Amino acid sequence: MPDQTPVPPPTPPAPAGPPAIPAGPTINIGEEYGTAKKNLPPAKIVLIAIGVVALVVLIASFLERATPQASGSLDNVAAVQIPDQSSTMVALTFTLHNTSDKTLYVHTLQGSLKSAGGDSTADAVSAVDFDRYFQAFPALKSAAQPALPPETKIQPGESVTRSIIVAFPVALDVFNQRKSVSVVIWPYDQTVPVTLTK
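Residues numbered from 1 in each chain as written. Predicted model: local features only at pLDDT ≥ 70, side-chain atom pairs only at ≥ 80, totals over all residues. Heavy atoms only, no water.

By volume, the largest pocket amounts to about 150 Å³. Lining the largest pocket we find 16 residues, and of these Leu109, Ala124, Val125, Leu148 and Pro150 sit closest to its centre. When contributions to the lining of the largest pocket are tallied by element, the ones reaching two or more residues are strand S3 (104-115) and strand S6 (159-168). When the residues that make up the lining of the largest pocket are grouped by side-chain class, the tally is 11 nonpolar, 4 polar and 1 charged. (1 Å grid on protein atoms, 1.4 Å probe; cavity = no way out; pocket = protein on both sides within 12 Å on 5 of 7 lines; lining within 4 Å. Points joined across faces, edges and corners; volume = space filled by probe spheres on them. Helix = DSSP H or I, 4+ residues; strand = E, 2+ residues; numbered from the N terminus. Nonpolar A, V, L, I, M, F, W, Y, C, P; charged D, E, K, R; others polar.)

Laid out in structure tokens, this is it:
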């Protein structure tokens, strides 16, 4: 019996090309991405949402606005001309009532003047100098009360009647024709001063 040689298997035919992909729907990427029409909600809804947020912010800012920690009144104004100067020394007597539930700590005290010639502000003189000014200008002592020095503590609900002395750089006749004069009290840790005007 002759040896039989194995017959090699037939060689598969070479592929003619990549397999065919069935045709599908065409995709317009420019239309699907990057346009406000496809990515954002309708303009009417966006405007309503912005309006609601703005209204909430306005209401919150109105309710949380800074208000003075106290109230009161400017009770008496006594003014004298400083000799040989165009300045007026003024004693301002006022009543201050702490309307908050926290202790009011006085930081600085000022006087403010509105006149036809403009506005001016002056810091209060030191409380230790009151007697010296009263001796030099007895008219200042009219209805004056003890000084309200910085660092004074006024308890919640407490009222005090005190005075400050300031010097404005205007002549007495200009001061007498003023529009208004005010005591301005700046408490510690407050963004709004207590202003008492007459």
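This paragraph deals with the pattern of salt bridges. Applying the stated rule across the entire model yields 2 salt bridges. Note that Lys114 and Asp119 form a salt bridge whose closest N and O atoms lie 3.5 Å from each other. Salt-bridge contacts for Arg132 lead to Asp129; the nearest nitrogen and oxygen are separated by 3.7 Å. (Salt bridge = Lys/Arg side-chain N within 4 Å of Asp/Glu carboxyl O.)

Two elements, S3 and strand S4 (residues 118-123), share 6 bridges in a ladder whose sense is antiparallel. The residue of S4 that forms the bridge with Lys114 is Asp119. (Pairing = 2+ DSSP bridges.)

Relative to the elements of secondary structure, Ser182 occurs in strand S7 (residues 180-187). Given the relative accessible area of 6%, Ser182 is considered buried. Separated by 2.7 Å, the side chains of Ser182 and Thr197 make a polar contact. Ignoring anything within four residues of it in the chain, the contact list for Ser182 reads Leu74, Leu92, Gln110, Gly111, Ser112, Thr195, Leu196 and Thr197. (Buried < 20%, exposed > 50% of the residue type's maximum accessible area, 1.4 Å probe, protein only. Polar contact = N/O pair within 3.5 Å; in protein donor to acceptor, adjacent residues only side chain to side chain. Contact = heavy atoms within 4.5 Å.)

Let us now look at the nonpolar core. Counting 24 residues, the largest nonpolar core has Leu92, Phe94, Leu96, Phe168 and Ile185 as the members making the most contacts within it. With sequence-adjacent residues up to four places away left out, Phe94 is seen in contact with Ser73, Leu74, Asp75, Leu148, Val160, Thr161, Arg162, Ser163, Ile164, Val183, Ile185 and Leu196. Counting residues in each nonpolar core, the second largest holds 12 residues, with Ala78, Ala91, Phe137 and Ile165 among its members. (Core = buried A, V, L, I, M, F, W, Y, C linked by side-chain atoms within 4.5 Å.)

As a further point, take the environment of Gln155. With respect to the secondary-structure elements, Gln155 resides in the loop between strand S5 (153-154) and S6. Taking C-alpha positions, Gln155 is 7.0 Å from Lys102, a pair spaced 53 residues apart along the chain. Each residue touching Gln155, except ones within four places of it in the same chain, is listed here: Asn98 and Thr103. Engagement of the side chain of Gln155 in a polar contact is seen with the side chain of Thr103, the distance being 3.1 Å.

With that out of the way, let us pick up the packing of aromatic side chains. For the coordinates displayed, the defined rule picks out 2 aromatic pairs. Centre to centre, the rings of Phe168 and Phe175 are 6.1 Å apart; their planes meet at 20°, and the pair counts as stacked. In this structure, Phe168 and Phe175 share a single accessibility class: buried. The cationic tip of Arg132 hangs over the ring face of Tyr133; the distance from NZ or CZ to the ring centre is 4.9 Å. Taking the ring centre of Phe175 as reference, the NZ or CZ of Arg178 above it sits at 4.5 Å. (Phe/Tyr/Trp six-rings, centres within 6.5 Å; stacked < 30°, edge-to-face > 60°. Lys NZ or Arg CZ within 6 Å of the ring centre and 35° of its normal.)

Quick look at unusual backbone geometry now. Residues other than glycine predominantly adopt negative phi, and peptide bonds predominantly adopt the trans conformation. Backbone geometry places Asp84, a non-glycine residue, at a positive phi of 60°. With respect to the secondary-structure elements, Asp84 resides in the loop between strand S1 (70-81) and strand S2 (88-98). Positive phi outside glycine occurs at Asp189, with the angle close to 60°. Within the element layout of this structure, Asp189 appears in the loop between S7 and strand S8 (194-197).

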